[in-house]
Protein chains: 2
Amino acid sequence: MDQHAPVTQGDAGKDSVRDRLLDAAEVLFCERGFDGVSVRDLTGQANCNVAAVNYYFGGKDKLYQEMFKRQVQDICCRQIARINEAMGVPNPTLESVLREIIFMPLLAAYEKQQRGRIMRLMVREVLNKTVHGETILEAFHTQMMTHAVQALRTLVPQLDDKQARLAVFSVDSLKIHPFLFMDEFFAVNPGINFDEMVNHIVFFAAAGIRAMAAR
Amino acid sequence: MDQHAPVTQGDAGKDSVRDRLLDAAEVLFCERGFDGVSVRDLTGQANCNVAAVNYYFGGKDKLYQEMFKRQVQDICCRQIARINEAMGVPNPTLESVLREIIFMPLLAAYEKQQRGRIMRLMVREVLNKTVHGETILEAFHTQMMTHAVQALRTLVPQLDDKQARLAVFSVDSLKIHPFLFMDEFFAVNPGINFDEMVNHIVFFAAAGIRAMAAR
DNA sequence: GTGTATTTTAAACAATTGTTTCAAATAATA
DNA sequence: TATTATTTGAAACAATTGTTTAAAATACAC
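The following paragraphs examine the structure supplied in this document. Just so it is clear, the structure is predicted and the values come from calculations on it, not from any experiment.

A closer look at the overall build of chain A
The number of helices and strands found in chain A is ten helices and zero strands. When its helices and strands are written in sequence order, chain A yields α-α-α-α-α-α-α-α-α-α. Each of the 215 residues in chain A was classed as buried or not, and the buried ones make up 52%. Looking at chain A alone, contacts between residues at least 24 apart form 69% of all its contacts between residues at least 6 apart.

Listed below in structure tokens is the structure:
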């Protein structure tokens, strides 16, 4: 009936039309957003026929969602893994864990890697209030918040749950803002390099958290 | 020649077609973004003919820019005024000035006022990398940064210029993130009300700044 | 090989987009 | 009032949009 996408079971060779479309979607949508990319742009990049989008995904928006869901899951897993890794070393300190959480994502944005662009697209989506807001943020802010709060309370036992949640949110603020406005950061902070930026953020976040624990 | 918009000098009565279009643009674009609003949506809301957009502004994008430029200027002025006001009272402290800067914008977002929606649109625009990024951020991050750095160094004389800029950027981070993700904030911080949120941000920011000054 | 299912293709679809046209209406000026 | 200039209006414009169609090509099973 409305089973647009045929079963397509099996591996399909990793360079099938379906996969090429997903790759094209990842690149183009991140560059120009949903409305900025036409179906013909996608099929042009993927070297396939216009009808392929509807044949395999059932529509432009379905392709968008499919690509999006994968990326969110990917980012989410990576972030949780980073926390676990940072907590797993012999003597984890607040600063070392903060650095682990902050360094890599910011570096991805700094070097304008695809990973950084995906995050920008995600924020854009949430601001645009398009479909996915709930789905994204749920997995994001439930799974990840739980992990982060638990780790933080291990590192700074004086914090109760309420305080830890506030702290995690503020660390997120300090990380995501320069993440989104990386170019602007260096524009208004002349004579500062990438490492100094990271050092500052880690220092500032740690100071805030320590002050919370002290009062 | 390409003088699409006739001179239109004089007051025009404050409810002219031109003004109604600007009002409609402010509301609709903030709700659904540039691509989400058609010329017919605008002229429908403004109760005028489709051709009016091109007649008065020379195109949909020109109307968008006009509306945008006004709002940015407005926000910028208001923010600088807030800093001046907070610094003008008898004994301004770091905390009192931070509170003044942070409280009102967040309240606007919390109450879902138009002012809050405009800021979201601005961030969206910067992320979308549409035309205005440079223009906005220049006025924004040049004028405002200068004012804020000066005020901060008065309050905390131990900070040099470099430190003060970093501090201002981090305060901005702590403010803008919950501004954008207000709903998510309260979702992941159950049992916290608006005042507690503001108190936390002020406390956290002040602690970071004081730590910078102390080292 | 034959026959069936899957994939690919070019063409056309209907709807919406921003913009233009030009005549009618209104305001302003003399 | 007569003569401009300005503003409004309905209609049409060309271009692009996402999607569908139906025939051709390919793959697969037997």
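Regarding the protein's contact with DNA strand C
Surveying the vicinity of DNA strand C reveals 16 residues, the closest of which are Y55(A), Y56(A), V39(B), R40(B) and K60(B). Each atom of DNA strand C within 4 Å of the protein was classed as base or backbone; sugar and phosphate made up 53%. In this structure, a phosphate oxygen belonging to DNA strand C sits 3.1 Å away from a side-chain N or O atom of Y55(A). One of the side-chain N or O atoms of K60(B) is found 2.7 Å from a phosphate oxygen in DNA strand C. Breaking the surface near DNA strand C down by element, the ones donating at least two residues are helix 3 (52-57) of chain A together with helix 2 (39-45) of chain B. In the surface near DNA strand C, the residues fall into eight nonpolar, five polar and three charged.

Quick notes on the interface of chain B and chain A
Chain B puts 44 residues into the contact, and the matching count from chain A is 44 residues. Across the chain B/chain A interface, buried area totals approximately 4,400 Å², and carbon plus sulfur atoms make up 71% of it. On the surface where chain B and chain A come into contact, there are two salt bridges. The tally of links from chain B across to chain A stands at ten residue pairs in polar contact (both at pLDDT 80 or more). Taken together, the elements giving at least two residues each to the side of chain B that touches chain A come down to helix 6 (114-128), helix 7 (133-155), helix 8 (161-180), helix 9 (182-188) and helix 10 (194-214) of chain B. It is helix 8 of chain B that contributes the most residues to the side of chain B that touches chain A, 13 residues altogether. Per-class residue counts for the side of chain B that touches chain A are 24 nonpolar, nine polar and eleven charged.

A short note on the nonpolar core
One finds L42(A), L106(A), L152(A), I209(A), L42(B), L152(B) and I209(B) to be the most contacted residues of the largest nonpolar core, which totals 147 residues. Other than its neighbours up to four places away in sequence, I209(A) contacts L94(A), L98(A), L152(A), V156(A), L159(A), A167(A), V171(A) and F204(B).

A few points about the protein's contact with DNA strand D
As a structural note, the neighbourhood of DNA strand D is formed by 16 residues, with V39(A), R40(A), K60(A), Y55(B) and Y56(B) the closest of them. R40(A) places a polar side-chain atom, nitrogen or oxygen, 3.0 Å from a base nitrogen of DNA strand D. Counting residues per element, the ones that place at least two in the surface near DNA strand D are helix 2 (39-45) of chain A together with helix 3 (52-57) of chain B. Here the residues of the surface near DNA strand D are counted per class, giving eight nonpolar, five polar and three charged.

Topic: helix 10 of chain B
A rise of 1.5 Å per residue sets the reference length of helix 10 of chain B, with its 21 residues, at 30 Å; its end C-alpha atoms lie 30 Å apart and thus fit the reference within 8%. Sitting at the amino-terminal end of helix 10 of chain B is N193(B), which places a side-chain oxygen 3.2 Å from the backbone nitrogen of D195(B).

Section: the relation of the copies chain B and chain A
Each copy of the sequence occupies a distinct position, and chain B is placed on chain A by a rotation of 180 degrees and an axial shift of 0.0 Å, giving an RMSD of 0.1 Å. The superposition of one copy onto the other is thereby described by a two-fold rotation axis. Residue by residue, 100% of the interface of chain B is reproduced at the interface of chain A, so both copies engage with the same surface.

Observations regarding the environment of N49(B)
All names here are of chain B. Along the chain, N49 falls in the loop between helix 2 and helix 3. In the structure, N49 is positioned ten residues away from V39 in sequence and 9.8 Å away in space, judged by C-alpha atoms. Within polar-contact distance, the side chain of N49 engages the backbone nitrogen of A51 at 2.9 Å.

What about the packing of aromatic side chains?
In this structure the tally under the stated criterion is 20 aromatic pairs over all chains. Each ring, one from Y55(A) and one from Y56(A), has its centre 5.0 Å from the other, and the planes form 85 degrees; the classification is edge-to-face. An aromatic cluster of at least three residues, connected via ring pairs, comprises F103(A), Y110(A), F185(A), F186(A), F194(A) and F169(B). A cation over an aromatic ring shows up here: K60(B) above the ring of F34(B), its NZ or CZ 4.2 Å from the ring centre. Above the plane of the ring of F203(A) lies R215(B), whose end atom (NZ or CZ) is 4.0 Å from the centre.

Description of unusual backbone geometry
If you check the backbone angles, K112(A) has positive phi at about 55 degrees while not being a glycine. Tracing the chain through its elements places K112(A) in the loop between helix 5 (94-110) and helix 6 (114-128). Using a relative accessible area of 48% as the deciding quantity, one classes K112(A) as partly exposed. The backbone of N47(B) sits at a positive phi, close to 55 degrees, despite the residue not being glycine. When you line up the elements, N47(B) lands in the loop between helix 2 and helix 3.

Quick word on the packing of helix 5 (residues 94-110) of chain B against helix 10 of chain B
Residues and elements named next belong to chain B. Between helix 5 and helix 10, whose axes approach to 9 Å, the crossing angle comes to 140 degrees. As judged from the angle between their axes, helix 5 and helix 10 are oblique. The two elements helix 5 and helix 10 cross, and the hand of that crossing is right-handed. Of helix 10, the residues touching helix 5 (which contributes L94, E95, L98, R99, I102, F103, L106, L107 and Y110) are F194, D195, M197, V198, N199, I201, V202, A205, A206, I209 and R210.

Some words on the state of the cysteines
Two cysteines form a disulfide when their sulfur atoms are joined by a covalent bond. Overall, the coordinates contain zero disulfides over all chains when judged by the stated rule. Unpaired in terms of disulfides, C77(A) finds its nearest cysteine sulfur in C76(A), a separation of 6.2 Å.

Things to note about the side chain of T43(B)
Note on placement: T43(B) falls in helix 2. Excluding residues that lie within four positions of it along the chain, T43(B) makes contacts with L21(B), C48(B), N49(B), V50(B) and V53(B).

Cut-offs and rules
- Residues numbered from 1 in each chain as written.
- Chains lettered and ligands numbered in written order.
- Predicted model: local features only at pLDDT ≥ 70, side-chain atom pairs only at ≥ 80, totals over all residues.
- Heavy atoms only, no water.
- Helix = DSSP H or I, 4+ residues; strand = E, 2+ residues; numbered from the N terminus.
- Buried < 20%, exposed > 50% of the residue type's maximum accessible area, 1.4 Å probe, protein only.
- Contact = heavy atoms within 4.5 Å.
- Near = heavy atom within 4 Å.
- Polar contact = N/O pair within 3.5 Å; in protein donor to acceptor, adjacent residues only side chain to side chain.
- Nonpolar A, V, L, I, M, F, W, Y, C, P; charged D, E, K, R; others polar.
- Buried area = accessible area lost by both parts, 1.4 Å probe.
- Salt bridge = Lys/Arg side-chain N within 4 Å of Asp/Glu carboxyl O.
- Core = buried A, V, L, I, M, F, W, Y, C linked by side-chain atoms within 4.5 Å.
- Expected span 1.5 Å × (residues − 1).
- Least-squares fit on C-alpha atoms with pLDDT ≥ 70 in both.
- Phe/Tyr/Trp six-rings, centres within 6.5 Å; stacked < 30°, edge-to-face > 60°.
- Lys NZ or Arg CZ within 6 Å of the ring centre and 35° of its normal.
- Axes fitted to C-alpha atoms, helices over the stretch in contact; angles between N-to-C directions.
- Parallel < 35°, antiparallel > 145°, perpendicular 65-115°, else oblique.
- Left-handed = near helix turned anticlockwise from the far one by under 90°.
- Disulfide = S-S within 2.5 Å.

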